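Take a look at the letters that make up each chain.
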Amino acid sequence: MWKYYALLSAFFAALTAIFAKIGVKDINSDLATAIRTVVILLITWGIVFFGNHSGEVKAIPRHAWLFLILSGAATGLSWLFYFKALQTGDVSRVAPVDKLSVVMTICLSFLFLKEPVSLRVIIGGLLITAGSIVMLAR
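Counting restarts for each chain: residues are numbered from 1 in the order of the written sequence. With pLDDT at 70 or above as the cut-off, local features in this predicted model cover only qualifying residues; side-chain atom pairs require 80 or more to be listed or tallied, and sums for whole chains, interfaces and linings still use all residues. By convention in this description, side-chain values take in all heavy atoms of the structure and omit both hydrogens and water.

> Hey, could you go over helix α5 (residues 100-112) for me, with residue numbers and the actual values?
Spanning 13 residues, α5 covers 18 Å between terminal C-alpha atoms, matching the ideal 18 Å at 1.5 Å per step. Relative accessibility decides the category of a residue: with a 1.4 Å probe and only protein chains considered, values under 20% of the type maximum give buried, values over 50% give exposed, and everything between is partly exposed. Only DSSP runs of H or I covering at least 4 residues are called helices, and only runs of E covering at least 2 are called strands; the numbering of each starts at the N terminus. Those residues of α5 lying buried are L100, V103 and S109. Looking at the residues trailing α5, positive phi occurs at K114, about 60 degrees. What a helix should span is 1.5 Å times the count of its residues minus one.

Here it is in structure tokens:
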């Protein structure tokens, strides 16, 4: 099932890039990010409330809070830089370079989470890196 969610995530990420590029055309990219964040906030808290999960907030351990807050900060910074890149660059070049996050995630998951890295994963990461380098070249 995770593969379907991942493909849906990729599809909506693609739409995000296209919609964002159009949306940041005539406004400040930080303001655009703030508007996007409010929409995400409303959707996700709506899902929590309608799914009757709001009572679970009290049971979240401190350790989880810390890393969820750090994840949120990293996400916010990622979005700010992504929107700035979209505002000044071509979406067809920005989005693939942004996917270097996949390679960075593989490396960090190996270092910090001790996840195994197979030859297939290494080759895939190298191909993503090569593709990003091609997209960076003028």
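That covers the picture; the talk isn't over yet.
> Any chance you could break down unusual backbone geometry for me, citing the residues and the numbers?
Backbone geometry places N52, a non-glycine residue, at a positive phi of 55 degrees. Turning to its location among the elements, N52 is positioned in the loop between α2 (29-50) and α3 (62-88). At K114, a position not held by glycine, the phi torsion is positive, near 60 degrees. Residue position: K114 is located in the loop between α5 and α6 (119-136).

> Could you give an account of the nonpolar core, with specific residues and numbers?
Counting residues in hydrophobic clusters, the biggest one holds 10 residues: A17, A20, V24, A32, Y82, F83, L86, V91, V94 and A95. Not counting residues up to four positions away in its chain, the partners in contact with Y82 are A17, R36, V94, A95 and D98. To form a nonpolar core, buried Ala, Val, Leu, Ile, Met, Phe, Trp, Tyr and Cys residues must be joined to one another through side-chain atoms within 4.5 Å. Throughout, a contact is declared for two residues whenever any of their heavy atoms are within 4.5 Å.

> Outline the packing of aromatic side chains, supporting the account with residue identities and numerical values.
Only rings of Phe, Tyr and Trp enter the pairing, Trp through its six-membered ring, and a pair is recorded when the two centres are within 6.5 Å. The plane angle decides the type: under 30 degrees is stacked, over 60 is edge-to-face, the rest tilted. Under the criterion given, the structure shown has two aromatic pairs. For the pair F11 and F12, a centre-to-centre distance of 5.2 Å together with 75 degrees between the ring planes defines the contact as edge-to-face. By relative accessible area, F12 is classed as partly exposed at 47%. Ring geometry for W45 versus F49: centroids 5.6 Å apart, planes at 35 degrees, classification tilted. Pair noted here: W45 and F49 are both in helix α2, with a separation of four residues, about one helical turn. Assessed through its relative accessible area of 39%, W45 is described here as partly exposed. Sitting over a ring, as applied to charges here, requires NZ of Lys or CZ of Arg to be within 6 Å of the ring centre and within 35 degrees of the ring normal. The ring centre of W79 lies 4.4 Å from the NZ or CZ of R36, which sits over that ring.

> Can you tell me about the packing of α3 against helix α4 (residues 91-98), naming the residues and giving the values?
The convention used is that axes are lines fitted to C-alpha atoms, helices contributing only their stretch in contact, and that angles between N-to-C directions extend from 0 to 180 degrees. For the pair α3 and α4, the least separation of the axes is 8 Å and the interaxial angle reads 150 degrees. Looking at the two axes, α3 sits roughly antiparallel to α4. Seen along the crossing, α3 lies across α4 with a hand that is right-handed. The segment α3 lies against α4, with Y82, A85 and L86 engaging V91, V94, A95 and D98. For this classification, under 35 degrees means roughly parallel, over 145 means roughly antiparallel, 65 to 115 means roughly perpendicular, and everything else is oblique. Each crossing gets its handedness from the near helix: less than a right angle anticlockwise from the far helix is left-handed, clockwise is right-handed.

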